[in-house]
Amino acid sequence: MGRNKRLFSGILLSGTLLLTGCGDKSAIEDRSVPVVNNIIKESGSSAKCTKVKITETLDENTYKGEAVMENGTKIPIAIAASDDQVFVVLINE
């Protein structure tokens, strides 16, 4: 198990970012990166997310995805988006 995976093991963390014009998946992915980085920073880690990829649409504004870390580790996440916010939860599998 990688260092980042251990860091989040047993922890469910979330964050929110206010945004505007969040209609398409690529915009949601882009705007989720700083949310993931904020969650990681608040947990005391120096790891960095470089990309978020939506892997499944659950509902009109709810998605499953993965946060890709700078070392290549992928952390499963859930994303909920509205017109002015994106909410991200890091998932422990």
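Refer to the structure printed above.
The rules behind the values
- Residues numbered from 1 in each chain as written.
- Predicted model: local features only at pLDDT ≥ 70, side-chain atom pairs only at ≥ 80, totals over all residues.
- Heavy atoms only, no water.
- Helix = DSSP H or I, 4+ residues; strand = E, 2+ residues; numbered from the N terminus.
- Buried < 20%, exposed > 50% of the residue type's maximum accessible area, 1.4 Å probe, protein only.
- Contact = heavy atoms within 4.5 Å.
- Areas by Shrake-Rupley, 256 points an atom, 1.4 Å probe, with all protein chains shown as cover.
- Polar contact = N/O pair within 3.5 Å; in protein donor to acceptor, adjacent residues only side chain to side chain.
- Salt bridge = Lys/Arg side-chain N within 4 Å of Asp/Glu carboxyl O.

Novice: Before we move on, could you go through the overall build of the protein and cite the residues and values that matter?
Specialist: A count of helical and extended segments in the protein gives two helices and five strands. Listing every helix and strand of the protein by position from the N terminus yields α-β-α-β-β-β-β. Relative to its full complement of 93 residues, the protein shows a buried share of 40%. Intrachain contacts of the protein at a sequence separation of at least 6 include 47% that bridge at least 24 residues. Summed over all atoms, the accessible surface of the protein reaches about 5400 Å², with 47% contributed by carbon and sulfur.

Novice: Could you give me a rundown of the side chain of S45, with the residues and numbers involved?
Specialist: Within the secondary structure, S45 sits in the loop between α2 (25-42) and β2 (49-59). Here the side chain of S45 touches A47 through a polar contact of 3.0 Å, landing on its backbone nitrogen.

Novice: Can you tell me about the pattern of salt bridges, naming the residues and giving the values?
Specialist: Here the structure, examined in full by the defined rule, presents one salt bridge. The salt bridge partner of K74 is E66, with a shortest N-O separation of 3.8 Å.

Remember that the coordinates give geometry; whether it matters functionally is a separate question.
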